[in-house]
Amino acid sequence: MAALLDSINSPADIKHLNPAQLATLAEEIREFLIQSLAKTGGHLGPNLGVVELTLAMHYVFNSPQDKFLFDVSHQVYTHKILTGRREQFGTIRQPGGLNGFMLRTECEHDCYGAGHAGTALSAALGMAVARDLAGGTEDIVAVAGDAAFTNGISFEALNNIADQTKKLIVVLNDNEWSIDRNVGAIARYFHKVVTNEHYQQLHRLSKRVVEKIGGKTAVNVMRRAEEAAKGMLWPSMLFEEFGLDYYGPVDGHNLPLLIETFKFLKTAERPVLLHVLTQKGRGFQPALDLTKKFHGLGPYDPETGKTAAGQQTWSEAFATTLAELANMDSRIVAITAAMPNGTGLDLFRPIHPKRYFDVGIAEEHAVIFAAGMATRGFRPVCAIYSTFLQRAFDPIVHDVALQKLPVVFCMDRAGLSGDDGPTHHGLFDIAYLRGIPDMVLMAPKDENELADMMKTSFTLEGPSAIRYPRGPVVGVQKRPAQVLPVGKAEVLADGSDVAVLGLGHMMPLALELAARLEGEGYSAAVINPRFIKPIDRDTIIRYAERVSAFVTFEDHVKMGGFGSAVLEVLEEVGSKVPVVRVAWPDQFIEHGKVDALRKKYGLTVEAAHDQVFPMLTSRRRSPLLAG
Ligand SMILES: Cc1ncc(C[n+]2csc(CCOP(=O)(O)OP(=O)(O)O)c2C)c(N)n1
Ligand SMILES: CC(=O)[C@@H](O)[C@H](O)COP(=O)(O)O
Ligand SMILES: [Mg+2]
C-alpha cells in the first residue's frame, strides 16, 4: 500500500508535503518502480537514481509552465508518475501504453521528446532564448547524465549558453555510469571532483548547514566555502570556463538539500550548473550488485533481479564471430559508442582488450576515429545501432566513403526495435547508406551469413555495412565463414510466375509466401538478396523476363529501401513487371511488439499475398496444375 503515492495525481499534490512525507513518497515511488517494471521491463537503474531529484524539481518549480528536459529521457518515469500518469504507468513501453521516453504528444509536462543522447542542453538553450525573446519568466531546467557529457552536442551547447541567456539551470546527474561504466577524460574529471577529500568535507558541512538553517543562506555558505576550496583545488572548473556558475557536487538523494538548492538557483542571474551525485539502481540491491546497474532490461524477478535466460542474440553472434576473425587478422579493431553490452562487444573486449575501443556517446567521433585508423592499415569495425548511426551520416560520407576507407559498419537493431519505439527503430539505414558511392551494403538471413558478410567485408578496399536485427538468431548449425561473391544474390528456389525476395531476417516471410503460392499452383522463385548494394542486377533482370510480379520483404521503410532498389533496376531496363514492396510505411512507427506492429502495418505474408495474388491471376497466367 502506497498511501501517499496513491494520492498524487499532479505536481500540485506534492507542494504541501513536509520533508518527512517527501522522503516517504520517494521510497514509495522507488518500490512502485521496482514492482511495476518487473512486469513490463524498462530502464530501472537510471530511474531509481533520480527519484529525489525529480521530486525536488517538481516541488520547487512549476511544470508545465517551467520546462523540464531530460537528456535521452529514459529516466523520466518519476516525472511521468508525478504528472498524472501514475495509474497508466503499468502500460509503459507496452502496445498502446506510455512511451518509455518523454513524448510531447503524450503529456503537456513532456516539453521535449528524446531517446538519443546529447540533445537536452541544446534544446533547453533554444527554449531559454525563445523565452527571453518573448519576455517570459519561466525556468528551464535540463537534466543530463554524466555520459551525456561525453556527447559532442552537449559541448556545442555549452559553448553557446553563456552568450545566449542569463537564465538556464543545467543539472549534471552524475552516477558515474553510462550503460556500462562511463569512459574518457570527462568521466575521470567528474570522478576527480566528486572523490576529492575537500569536497567530501564540504559535503558534510553543507549538509549540516542546510539541515540546520536551510534556505538561501545555507546555499550561499556552501557556495562561498566551495569557492574557497575551488581556489585551492581547481584553478578553473570546466563549467565555469563555459560561463556557467557551478554548484556542487551535492547529494542527489538529499531531498531537503536539493529543494533548498533549487530554490536558491531559481534566483540566479547567470546560467548555472548543479552537479548532483546519484546512485544508479539505488534501492534495488540486485541492480547495485550487477555490473550493468540494470540500465535497460526486460521483465525480471523483483526479489532477485533475475531475468529470463535467452537464446544467442545477433549481437552475441556478431561479437563472437568478430573475435574469431580478429584472432586471424591483426588489422581488425572494434569500436563502440558507449554500447559495449548492447552491441555484444563486451564479449570481444576480454579477448582483444588492446583492439577494443569505447569512445563514449560519440558516434560521429567513432566513425572519424575509425577512418583515421583505416588510413594506417587497420580494419576498424564500428558496432553502432542503426538508429544511432544516423548521427554519423556525414562522417560516413565525408571521412570514410570519400576517401574510400575500409571501415565496416555493423548495424545492430536494424529494423523495428520494438519497446523503445520510434527513436530507436532502425528503419532508415538502407535509405541513408544506399546512395553513398562505393558503399557495400549487406543483410544476412542468418548468423552463418552474418559471419560470411563480416569475413567478406575485410576483403574489400572500401566501406561496407551489415544490418541485422535486435533479438535471437535463427539458430542454424554453425559452419565455417566464407567470402561471398560481392553483389551476388542466392537463388533458393527457381520459379517462373513470381519472384519473392526476402531481405535478411525477413527471409522466413518470403519462404512462407512462396510456399503458399506454390500450393495455389503458381511457380514461385525465392531469392536471398544478401547485397542491397551492389544489387544483383543480372538476377533481377533474368527474372523480370519471366515472372508476372516481384515481391520484396524488408524490415525498413518503403521509401528508399531495398524494394526501391529493385524498382530502379527494372526501370533502367524498361521492365513493367510490378513489384509488391512489403515494408514500413512513410511514417514513424510507435513502440510495441514486433509481430503486432508488423500485422498492423501489413508486413505479413497475408498482406503480401492479398496484393500479389490478383497480379498473378489477372496477368494471363493460369494455374499450372490442372483441375
Ligand atoms: C546518440 C545515442 N547513443 C547511444 C545511446 C544509448 N544510451 C542510452 S542511455 C545511455 C547512457 C546514458 O548515460 P547517462 O547520460 O550518464 O545517464 P544515466 O543512464 O546514467 O542516468 C546510452 C549510451 C543513445 N540513447 N543515444
Ligand atoms: C535508452 C537507450 O537508448 C538504450 O538504453 C536503449 O534503450 C538500449 O536498447 P536495447 O535494449 O535494444 O539495447
Ligand atoms: Mg550516468
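Please refer to the structure placed before this passage.
A quick note: this is a predicted structure, and the numbers were derived from the prediction, not measured. (Residues numbered from 1 in each chain as written. Chains lettered and ligands numbered in written order. Predicted model: local features only at pLDDT ≥ 70, side-chain atom pairs only at ≥ 80, totals over all residues. Heavy atoms only, no water.)

Asks: Even after reading the chapter, I still don't get the overall build of the protein chain, so can you show me in this structure?
Replies: If you tally the helices and strands in the protein chain, you get 25 helices and 17 strands. Taken over the C-alpha trace, the protein chain has a radius of gyration of 27 Å; the compact-globule value for 627 residues is 25 Å, and the two agree within 12%. Here the C-alpha coordinates of the protein chain stretch approximately 95 × 55 × 50 Å along the principal axes. When each of the 627 residues of the protein chain is scored for burial, the buried share is 60%. For the protein chain, restricting intrachain contacts to residue pairs at least 6 apart in sequence, the fraction spanning at least 24 positions comes to 77%. Total accessible area on the protein chain is roughly 24,200 Å²; 55% of this is exposed by carbon and sulfur atoms. When the 64 basic and 72 acidic side-chain charges of the protein chain are each reduced to a single mean position, those positions are 2 Å apart. (Helix = DSSP H or I, 4+ residues; strand = E, 2+ residues; numbered from the N terminus. Rg over C-alpha atoms; globule rule 2.2 N^0.38 Å. Buried < 20%, exposed > 50% of the residue type's maximum accessible area, 1.4 Å probe, protein only. Contact = heavy atoms within 4.5 Å. Areas by Shrake-Rupley, 256 points an atom, 1.4 Å probe, with all protein chains shown as cover. Lys, Arg positive; Asp, Glu negative; His and termini not counted. Charge placed at Lys NZ, Arg CZ, Asp CG, Glu CD.)

Asks: What exactly am I supposed to notice about the layout of surface pockets here?
Replies: Space left empty within the atom packing is revealed by a probe, the size of a water molecule, rolled over the atoms. Each pocket or cavity is described by its volume, and for the second largest pocket that value is around 250 Å³. Contributing to the lining of the second largest pocket are 14 residues, with Asp174, Asn175, Glu176, Thr278 and Gln279 lying nearest its centre. (1 Å grid on protein atoms, 1.4 Å probe; cavity = no way out; pocket = protein on both sides within 12 Å on 5 of 7 lines; lining within 4 Å. Points joined across faces, edges and corners; volume = space filled by probe spheres on them.)

Asks: Would you mind showing me how to read the site of ligand 2 here?
Replies: As a matter of local geometry, ligand 2 sits amid 13 residues, with Tyr385, Arg413, Asp420, His424 and Arg470 nearest to it. Contact between ligand 2 and aspartate 420: an oxygen atom at 2.6 Å from a side-chain N or O atom of the residue. Contacts to ligand 2 include histidine 424, whose side-chain N or O atom sits 2.6 Å from an oxygen atom. Protein chains bury 88% of the 360 Å² of accessible surface belonging to ligand 2 in isolation. Among the residues forming the shell around ligand 2, the class breakdown is five nonpolar, five polar and three charged. Here the shell around ligand 2 spans two domains, and each of domain 1 (4–10 + 19–295) and domain 2 (314–467) adds at least three residues to it. (Near = heavy atom within 4 Å. Polar contact = N/O pair within 3.5 Å; in protein donor to acceptor, adjacent residues only side chain to side chain. Nonpolar A, V, L, I, M, F, W, Y, C, P; charged D, E, K, R; others polar. Domains from an automatic or database assignment.)

Asks: Is there a simple way to explain the site of ligand 1 in this structure?
Replies: Among the 23 residues in the neighbourhood of ligand 1, the closest are listed as His74, Ala117, Asn175, Lys280 and Glu363. Between ligand 1 and the protein, one listed contact pairs a nitrogen atom with a backbone N or O atom of glycine 115 at 2.8 Å. Within the side chain of asparagine 175, an N or O atom sits 2.8 Å from an oxygen atom of ligand 1. Here ligand 1 has 580 Å² of accessible area as a free molecule, and 98% of this is covered by the chains. Considering only residue class, the shell around ligand 1 consists of eleven nonpolar, eight polar and four charged. Both domains that furnish three or more residues to the shell around ligand 1 are identified here as domain 1 (4–10 + 19–295) and domain 2 (314–467).

Asks: Honestly, the pairing of strand S16 (residues 549–557) in this entry has me stumped. Any pointers?
Replies: The side chains of a regular strand alternate, residue by residue, between the two faces of the sheet. Taken across its nine residues, S16 has nine buried, putting it largely inside the fold. By the bridge criterion, five bridges tie strand S13 (residues 498–502) to S16 in an arrangement that is parallel. Bridged to valine 500 within S16 is valine 551. As defined by bridge partners, S16 adjoins strand S17 (residues 579–584) across five bridges and the pair is classed as parallel. Among the inter-strand pairings, valine 551 is bridged to a residue of S17, identified as valine 580. (Pairing = 2+ DSSP bridges.)

Asks: For this particular structure, what's the right way to read the sheet that holds strand S5 (residues 272–277)?
Replies: In a beta sheet, neighbouring strands pair by backbone hydrogen bonds and run either parallel or antiparallel. In spatial order, the strands read S1-S2-S3-S5-S4; together these five strands make up an open sheet with parallel pairing. Looking at strand neighbours, the two that pair on one side only are strand S1 (67–70) and strand S4 (245–251), the edges of this open sheet. Across the sheet, the mean angle from the axis of one strand to that of its neighbour is 20°, orientation sign disregarded. Bridge count between strand S3 (residues 169–174) and S5: six bridges; the pairing is parallel. Along S5, the bridge assignment pairs isoleucine 169 with valine 272. (Axes fitted to C-alpha atoms, helices over the stretch in contact; angles between N-to-C directions.)

Asks: Please explain helix H6 (residues 152–164) as it appears in this structure.
Replies: Three or four residues apart is the spacing at which side chains of an α-helix point the same way, because the helix has 3.6 residues per turn. For H6, with 13 residues, the first-to-last C-alpha span of 19 Å sits near the 18 Å given by 1.5 Å per residue. Taken residue by residue, H6 has Ile153, Ser154, Ala157, Leu158 and Ile161 as its buried positions. Considering only its buried residues, H6 is in contact with helix H5 (120–134), S3 and helix H10 (238–241). Two or three places before isoleucine 153, at the opening of H6, asparagine 151 has a side-chain oxygen 3.0 Å from that residue's backbone nitrogen. (Expected span 1.5 Å × (residues − 1).)

Asks: Would you mind going over the pattern of salt bridges with me for this structure?
Replies: It is possible for side chains of opposite charge to pair when their charged atoms get near one another. This structure, assessed with the given rule, holds 31 salt bridges. Among the salt bridges present, the one from glutamate 260 reaches lysine 263, with a minimum N-O distance of 3.9 Å. On the criterion of helical spacing, the pair formed by glutamate 260 and lysine 263 is a turn pair, its members being three residues apart in helix H11 (residues 255–265). Overall, the relative accessible area of 17% leaves glutamate 260 in the buried class. For the salt bridge of glutamate 461 with arginine 379, the shortest nitrogen-to-oxygen distance reads 3.3 Å. Residue glutamate 461 is located in the loop between helix H20 (447–457) and strand S11 (464–467), and its partner arginine 379 is located in strand S8 (residues 379–383); the two are separated by 82 residues in the primary sequence. Salt bridges linked by common partners bring Lys80, Arg85, Glu106 and Asp110 together as one network. (Salt bridge = Lys/Arg side-chain N within 4 Å of Asp/Glu carboxyl O.)

In short, the description is geometric, and any link to function would need to be established separately.
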